[in-house]
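Examination of the molecular architecture
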Amino acid sequence: MDLYALTFKVLNLAVAPFWLCMVFLPHWKGTQKLMRPLWPIFLICLPYALLNIPYYLTNLPIFARGNFAEITTLFADPHCVALAWIHFLGVDLFVGRWIYFDSRERGYSPWLVAPCLLLTLMVGPTGTCAYLLLRALKAPATPLPTV
């Protein structure tokens, strides 16, 4: 197993406790303490940045041109697929963290927020849209105290 595949596996497991706590233990003080710092997101993003170093010079111009056929070709490389997935893990966790804290500040029921978090974990932009829609349609309730 190469470094990219190993990092893919490790980071897939590494994000699980954060998501499980936000979805299933939203009122637990440990979840708030776990999610408050940004270091978990940094620890997901750092391997992405480091593993991407060999690709910056070749791939950045391709992304900058925005040519769909060229970008599609990149994803034939398993390393690029692993990098894309790690990218999703880091950004989705960042957005999930924001949803978690924003919903707590607004006093939203975890039953309303959990589907948004699960969608953010699985299909990030869809979960983000779901939460933003919830936010637009639901007035803030009495906020819960945070640590």
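Everything below is about the structure shown above.
Presented here is an overview of the structure given in this document. Just so it is clear, the structure is predicted and the values come from calculations on it, not from any experiment. (Residues numbered from 1 in each chain as written. Predicted model: local features only at pLDDT ≥ 70, side-chain atom pairs only at ≥ 80, totals over all residues. Heavy atoms only, no water.)

The next thing to look at is helix α6 (residues 78-106). Between the first and last C-alpha of α6 there are 41 Å, a value that for 29 residues agrees with the 42 Å anticipated at 1.5 Å per step. Backbone nitrogen of H79 and a side-chain oxygen of the N-cap are separated by 2.8 Å at the start of α6; the cap is D77. Note on α6: the residue one or two positions beyond its end, G107, has a positive phi of about 75°. (Helix = DSSP H or I, 4+ residues; strand = E, 2+ residues; numbered from the N terminus. Expected span 1.5 Å × (residues − 1). Polar contact = N/O pair within 3.5 Å; in protein donor to acceptor, adjacent residues only side chain to side chain.)

What follows is about the state of the cysteines. Here the structure, examined in full by the defined rule, presents 0 disulfides. Cysteine C21 shares no disulfide, and the gap to the nearest cysteine sulfur, in C116, comes to 19 Å. Residue C21 is classed as buried on the basis of its relative accessible area of 11%. Between C116, a free cysteine, and C129, which holds the nearest cysteine sulfur, the sulfur-to-sulfur gap is 10 Å. The class of C116 is buried, set by a relative accessible area of 6%. (Disulfide = S-S within 2.5 Å. Buried < 20%, exposed > 50% of the residue type's maximum accessible area, 1.4 Å probe, protein only.)

To continue, consider the nonpolar core. In this structure, M22, M35, L93 and L117 are the most contacted members of the largest nonpolar core, which totals 31 residues. At the level of elements, α1 (3-24), α3 (39-51), α4 (53-65), α6, α7 (110-122) and α8 (124-137) are the ones that each hand at least two residues to this core. No other element matches α6, which puts 10 residues into this core. Residues contacting M22, with those up to four places away along its chain left out, are T31, M35, L93, G96, R97, Y100 and L117. (Core = buried A, V, L, I, M, F, W, Y, C linked by side-chain atoms within 4.5 Å. Contact = heavy atoms within 4.5 Å.)

With that settled, the discussion passes to the packing of aromatic side chains. Throughout the structure, instances matching the rule amount to 7 aromatic pairs. Ring centres of F8 and W85 lie 6.2 Å apart, and the angle between their planes is 50°; this geometry places the pair in the tilted category. Of this pair, F8 sits in helix α1 while W85 sits in helix α6, and the two are 77 residues apart along the sequence. With relative accessibility at 28%, the residue F8 sits in the partly exposed group. Accessibility expressed as a relative area gives 36% for W85, which makes it partly exposed. Their ring planes at 70° and their centres at 5.0 Å tell us that Y100 and F101 sit as a pair that is edge-to-face. With a relative accessible area of 6%, F101 lands in the buried category. (Phe/Tyr/Trp six-rings, centres within 6.5 Å; stacked < 30°, edge-to-face > 60°.)

One way to put it is that α6 packs onto α7 with a least axis distance of 9 Å and a crossing angle of 170°. One element, α6, and the other, α7, form an angle in the roughly antiparallel class. Across the interface between the two elements, D92, V95, G96, I99, Y100 and S103 from α6 touch V113, L117, T120 and L121 from α7. A class-by-class count of the residues in the contact of α6 with α7 yields 6 nonpolar, 3 polar and 1 charged. (Axes fitted to C-alpha atoms, helices over the stretch in contact; angles between N-to-C directions. Parallel < 35°, antiparallel > 145°, perpendicular 65-115°, else oblique. Nonpolar A, V, L, I, M, F, W, Y, C, P; charged D, E, K, R; others polar.)

So, about the environment of C116. With respect to the helices and strands, the residue C116 is situated in helix α7. C-alpha separation for the pair C116 and P140, spaced 24 residues apart in sequence, amounts to 16 Å. Beyond its immediate stretch of four places on either side in the chain, C116 contacts G127, A130, Y131 and L134.

Pairing is possible between side chains of opposite charge, provided their charged atoms come close. Considering all chains together, one arrives at 3 salt bridges under this definition. Here R65 and E70 are joined by a salt bridge, their closest N and O atoms 2.8 Å apart. Residue classification places R65 among the exposed residues on the basis of a relative accessible area of 52%. Between R135 and D102 there is a salt bridge, with its nearest N and O atoms 2.8 Å apart. Taken as a pair, R135 in helix α8 and D102 in helix α6 lie far apart in primary sequence, 33 residues in all. Judged by relative accessible area, which is 27%, R135 ranks as partly exposed. Here D102 falls in the buried class, since its relative accessible area comes to 8%. If you follow the salt bridges from partner to partner, you end up with D102, R106 and R135 in one network. (Salt bridge = Lys/Arg side-chain N within 4 Å of Asp/Glu carboxyl O.)

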